[in-house]
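These are the residues of each chain, in order.
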Amino acid sequence: SQILEALGATVERVRPVSITHRDHFVNVARRRALEANELASKRRRAVDKDGKELEHINGYGSDGAIQSSKFPSDCTGGFFADQFENLANFRAHYEGTGPEIWEQTGGELDAFVAAAGTGGTVAGVSRFLQENNPNIKCFLIDPPGSSLFNKVTRGVMYTKEEAEGRRLKNPFDTITEGIGINRLTQNFMMAKLDGAFRGTDREAVEMSRFLVKNDGLFLGSSSAMNCVGAVRVAQSLGPGHTIVTILCDSGMRHLSKFYDVHYLSQQGLTPAAAGLEFLGIK
C-alpha cells in the first residue's frame, strides 16, 4: 500500500471479511468504480455549453449532485479490473507465461505446479502446457483454509472441518498471502489439473528460509508455497523429472508477517529446520 501511495494512488484500507460481505475488498472496489463513473457522468452533465463547469455551493453542484471526496476533482471515471473473474487474467498466462515456460524448457518438462489465488496463473499455464503435450502433469499446491484442494481431489468445495454441522465462522487462518480461496473463480475453472497437494504455513516458512540460505532467493509466501509444491511433485514422480513452478513474489512485500520474528513466534512458526527435513528429506 505504501508503494501504491508513493506512485500517486489513493489507498482505501478495508477490514478482512468474507467475499459475500458487501465490504470485502473486491466488492468495495467494484462499488468504487461504479461511483466514480456516476460522479464523472454527473460532472460532465454539469458543464455548460461553453465548456465552463457550473457553480458548486456547499459541496453540491447546480444539478444537485454531491461532489464526492473519495475521488479527485478531475476524475473521469472508474474501472474495476475484476482480477478474480476477468478471463484476461487467464489469457495473459495462456498466451504469455505458458509459452515462455515451453520455450525456455524446449518443451522438455514433466510437470508444473503452483498455488492459486485468482487461479489465472495455474489455469493459463496448465491449459497451454497440456494442449501442447497431454503427458505434462499439472498440479495445485493449496495453503491452509483453502477449499481448492478438496475441489480438485474430491470434487467438493469445502474442507472436512467445514462439513455440515461443524462449520465455524472463521475456522482457519494462514500467513500465506495472495493464494488460497473458498470459492471457484472463472479463472480457476479454466485449469486442467491432474491432482493437488496440501501445504502448511510451517512448510512455507521453512522453505523460504531454506531458499535464502542455500540459493540466495528472498521470496514471499506464495513463492515459498510453490516450492513446497515442487518438492511434493518431485517426491510423487520420483527422480529424473523436470518440474516447473513460479517464483511470483519477493520477500520485500512480506516483511510485516512472513518475515517478522515476533509475529512468527506468536504463531508458533519460528523456523528451526537445518535442511528440508520438514518435507521428509534427510
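You'll find the chain entered in an unreviewed UniProt entry as Tryptophan synthase beta chain-like PALP domain-containing protein, with Citrus sinensis given as the organism.

(A) Quick look at a nonpolar patch on the surface. Among the surface-exposed residues, Val212, Phe218, Met252 and Leu255 lie close enough to one another that they form a single nonpolar patch of about 360 Å² accessible area. Following the sequence through the fold, phenylalanine 218 ends up in the loop between α6 (201-215) and α7 (221-237).

(B) Spatial organisation of the side chain of serine 126. Tracing the sequence through the fold places serine 126 in helix α4 (residues 120-132). Separated by 3.1 Å, the side chain of serine 126 and the backbone nitrogen of lysine 192 make a polar contact. Apart from residues lying up to four places away in sequence, serine 126 is in contact with Cys138, Ala191, Lys192 and Leu193.

(C) Seen up close, the packing of aromatic side chains. Applying the stated criterion across every chain yields a total of six aromatic pairs. Measuring from ring centre to ring centre gives 5.5 Å for phenylalanine 139 and phenylalanine 197, while their planes differ by 55°; the resulting arrangement is tilted. Within this pair, whereas phenylalanine 139 is found in strand β4 (residues 137-142), its partner phenylalanine 197 is found in strand β5 (residues 195-198), the two being separated by 58 residues in sequence. Through successive ring pairs, a cluster of aromatic residues spans Phe90, Tyr94 and Phe128. Directly above the aromatic system of phenylalanine 258 lies the positively charged group of arginine 209, at a separation of 5.5 Å from the ring centroid.

(D) The arrangement of the sheet that holds β5 in detail. Strand order in the open sheet formed by four strands is β5-β4-β3-β6, with parallel pairing between adjacent strands. Two strands in the sheet have a free side with no partner beyond their single neighbour: β5 and β6 (243-244). Here strand β3 (residues 111-114) runs beside β4; their pairing, made up of four bridges, is parallel. When the bridges of β4 are listed, alanine 114 appears paired with leucine 140.

(E) Expanded view of the pairing of β4. In terms of burial, β4 is a largely internal element, five of the six residues being buried. Read from β3 through α4 to β4, the crossover connection turns out right-handed. Across four bridges, β4 lies against β5 in parallel orientation. Paired with isoleucine 141 across the bridge in β5 is phenylalanine 197.

(F) Looking closely at the packing of helix α3 (residues 88-105) against α4. Viewed as axis vectors pointing N to C, α3 and α4 meet at an angle of 50°, and their least axial separation amounts to 7 Å. Considering their axes alone, α3 and α4 lie oblique with respect to each other. Crossing of α3 over α4 shows right-handed handedness. From α3, Asn89, Phe90, His93, Tyr94, Thr97, Gly98, Pro99, Ile101 and Trp102 reach across to α4, where they touch Gly120, Thr121, Ala123, Gly124, Val125, Arg127, Phe128, Leu129, Glu131 and Asn132.

(G) Geometry of the confidence of the model for the chain. Per-residue pLDDT for the chain has a mean of 88; in total, 86% of the residues score no lower than 70. When the criterion is pLDDT under 50, residues 57-66 qualifies, and its contacts beyond four places in sequence or with other chains add up to 15 contacts.

(H) View of the pattern of salt bridges. Scanning the entire structure with this criterion turns up nine salt bridges. Across the pair arginine 22 and aspartate 23 runs a salt bridge whose closest N-O atoms are separated by 3.5 Å.

Rules used in this analysis
- Residues numbered from 1 in each chain as written.
- Predicted model: local features only at pLDDT ≥ 70, side-chain atom pairs only at ≥ 80, totals over all residues.
- Heavy atoms only, no water.
- Patch = residues over 30% accessible without salt bridge, like charges linked within 9 Å, V, L, I, M, F, W, Y side chains within 5 Å.
- Areas by Shrake-Rupley, 256 points an atom, 1.4 Å probe, with all protein chains shown as cover.
- Salt bridge = Lys/Arg side-chain N within 4 Å of Asp/Glu carboxyl O.
- Helix = DSSP H or I, 4+ residues; strand = E, 2+ residues; numbered from the N terminus.
- Polar contact = N/O pair within 3.5 Å; in protein donor to acceptor, adjacent residues only side chain to side chain.
- Contact = heavy atoms within 4.5 Å.
- Phe/Tyr/Trp six-rings, centres within 6.5 Å; stacked < 30°, edge-to-face > 60°.
- Lys NZ or Arg CZ within 6 Å of the ring centre and 35° of its normal.
- Pairing = 2+ DSSP bridges.
- Buried < 20%, exposed > 50% of the residue type's maximum accessible area, 1.4 Å probe, protein only.
- Right-handed = clockwise from strand over helix to strand, strands pointing away.
- Axes fitted to C-alpha atoms, helices over the stretch in contact; angles between N-to-C directions.
- Parallel < 35°, antiparallel > 145°, perpendicular 65-115°, else oblique.
- Left-handed = near helix turned anticlockwise from the far one by under 90°.
- pLDDT = per-residue confidence, 0-100.

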